Amino acid sequence: MNLPIVGAIEWATVEPGDLRMEARMDTGAEFTSVHAEDIQLVEKDGKKWVHFSLLNPATNTKVPVERRLRKKVRIKQSDSEKQTRYVVEMWITVGKIRSLVEVTLSDRDHMEYPLLIGRNMLVDTMIVDVSDRHRAKSPSKGNAPL
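Model, not experiment: these values are computed from the prediction.

(A) Representation of the overall build of the chain. Of regular secondary structure, the chain possesses one helix and 11 strands. Secondary structure elements of the chain, listed N to C terminal, follow the sequence β-β-β-β-β-β-β-β-β-β-α-β. Its C-alpha radius of gyration of 15 Å places the chain within 12% of the 15 Å reference for a compact globule of 146 residues. With respect to the principal axes defined by its C-alpha atoms, the chain has extents near 45 × 35 × 30 Å. When each of the 146 residues of the chain is scored for burial, the buried share is 41%. Considering only contacts within the chain whose residues lie at least 6 apart along the sequence, 55% involve residues at least 24 apart. On the chain, roughly 8400 Å² of surface is accessible, and the fraction owed to carbon and sulfur atoms is 46%.

Written out as structure tokens, the structure reads:
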């Protein structure tokens, strides 16, 4: 397979919101997860939606987002606690790879990176070189932050 090689830490863009943030590539995590605040489950036209806010790292302001609820999952934390999380679909771009990914919404405020990219995006799309950082090049912006 001729897959692009990315580092353990990369710049990623999350849509909606077009937010550029650092992400940790985690081959041990099944799901991709993003730091979200003000998470609320609502019903609209008989369907379940999730209202939440993403933090824009460039401005430190909250960006309101509304996405359709795909499902709920139970995640086992490293401290053995199980947590239920809402799952929504979002577009994530790393380098030249843009994928529609199921993302869990969680409080990652205590984590070093607001975005964790798990196997549900990594498998069959890229190879992670854990000895490198910021290796992926964006189509038009190089690998520098905006």
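Now, onward.
(B) Representation of unusual backbone geometry in the model. That bond from glutamate 15 to proline 16 is cis: its omega, 5°, falls within 30 degrees of zero. Note that proline 16 resides in the loop between strand 1 (5-15) and strand 2 (19-25). Here the phi dihedral of aspartate 45 falls at roughly 55°; this positive angle occurs in a residue that is not glycine. Note that aspartate 45 resides in the loop between strand 4 (37-44) and strand 5 (47-56). By relative accessible area, which is 75% here, aspartate 45 ends up exposed. Its identity as a non-glycine residue notwithstanding, asparagine 60 has a phi of 60°, on the positive side.

About the thresholds
Residues numbered from 1 in each chain as written. Predicted model: local features only at pLDDT ≥ 70, side-chain atom pairs only at ≥ 80, totals over all residues. Heavy atoms only, no water. Helix = DSSP H or I, 4+ residues; strand = E, 2+ residues; numbered from the N terminus. Rg over C-alpha atoms; globule rule 2.2 N^0.38 Å. Buried < 20%, exposed > 50% of the residue type's maximum accessible area, 1.4 Å probe, protein only. Contact = heavy atoms within 4.5 Å. Areas by Shrake-Rupley, 256 points an atom, 1.4 Å probe, with all protein chains shown as cover.

No statement about biological role is implied by the geometric values presented.
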